[in-house]
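Structural description and commentary
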Amino acid sequence: MSHASNAAEQAAPQPHPLKDSMLQAMRRLASSVSIVSASNGEQRHAMAATSVTSLSMDPPSLLVCVNKNTAMHGLLEEGTDFCINILSHEQQEVSVMCGGKARGEARFETGNWATSEGGLPYLEDAQSAVICQQDGKFEYGTHTIYIGRIQSIQNSELVSPLIYVDGVYTTSAEAATA
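Residues numbered from 1 in each chain as written. Predicted model: local features only at pLDDT ≥ 70, side-chain atom pairs only at ≥ 80, totals over all residues. Heavy atoms only, no water.

With that out of the way, let us pick up the packing of aromatic side chains. In this description, an aromatic ring pair is defined by two values, namely the gap between the centres and the angle between the planes. Going through the model one piece at a time under the given rule, you end up with three aromatic pairs. Ring plane angle 65° and centroid distance 4.7 Å describe the contact between Phe108 and Trp113, whose orientation is recorded as edge-to-face. For Phe108, a relative accessible area of 8% gives the class buried. A residue is classified by how much of its surface remains accessible, and Trp113, at 14% relative accessible area, is buried. The ring of Phe108 has Arg44 lying over it, and the distance from NZ or CZ to the ring centre is 4.0 Å. (Phe/Tyr/Trp six-rings, centres within 6.5 Å; stacked < 30°, edge-to-face > 60°. Buried < 20%, exposed > 50% of the residue type's maximum accessible area, 1.4 Å probe, protein only. Lys NZ or Arg CZ within 6 Å of the ring centre and 35° of its normal.)

So, in structure tokens, the structure goes:
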């Protein structure tokens with residue numbers, strides 16, 4: 001074997017031994033489904049996400065992890081504010097459309113979309129629509145973690161989350177009222 005081919009083999013990225021195990025572990029982590037929506041005044045974007053969580057109560061904030069290869073990432077890199085739309089189990093089709101079945105503006109053809117005073121698209125009938133001002137970011141590996149300082153929240157009365165686990169949609173066993 002020549003020195004040149006040996007160097008090429010060493011330069012080729014090797015799969016991380018934990019990647020497949022991590023993917024299998026994450027299939028077991030049941031998560032509520034949200035739609036992250038944003039607009040820069042010229043373009044609207046929406047993407048399905050399960051990587052949304054609360055960050056702090058003071059100041060009220062949350063975070064969302066966004067893959068660097070998505071259109072949403074490009075928009076958020078501009079410093080754009082965003083909305084986290086927490087879906088109910090009746091909104092599975094919105095998740096499917098925003099999860100890759102549709103592209104661009106076609107993602108807004110499914111669901112009851114409205115526009116906030118600040119120009120952000122949001123789902124009027126989501127369990128919660130959380131309007132956030134972008135307030136920081138942290139790059140890590142293939143994703144960027146965006147911090148949203150909460151500006152306003154619209155909650156519905158029914159608590160009936162759309163949950164994603166092991167590659168399928170489901171909901172909690174019992175719906176509760178808020």
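Having seen the structure, we can now continue with the description.
Take the nonpolar core next. With 15 residues, the main nonpolar core has Val36, Val64, Val66, Met72, Leu76, Phe82 and Ile84 as its most contacted residues. Mapped by element, the contributors of at least two residues to this core are strand 2 (34-39), strand 3 (44-49), strand 5 (60-67), helix 3 (71-76), strand 6 (82-86) and strand 9 (128-140). For Ile84, the contacting residues outside a window of four places in its chain are Ser34, Ile35, Val36, Val52, Leu62, Val64, Ser128, Ala129 and Val130. Core analysis: the second largest hydrophobic core is formed by eleven residues, Val33, Ile35, Ala46 and Leu123 among them. (Core = buried A, V, L, I, M, F, W, Y, C linked by side-chain atoms within 4.5 Å. Helix = DSSP H or I, 4+ residues; strand = E, 2+ residues; numbered from the N terminus. Contact = heavy atoms within 4.5 Å.)

Everything listed here is a matter of geometry and, on its own, says nothing about what the molecule does.
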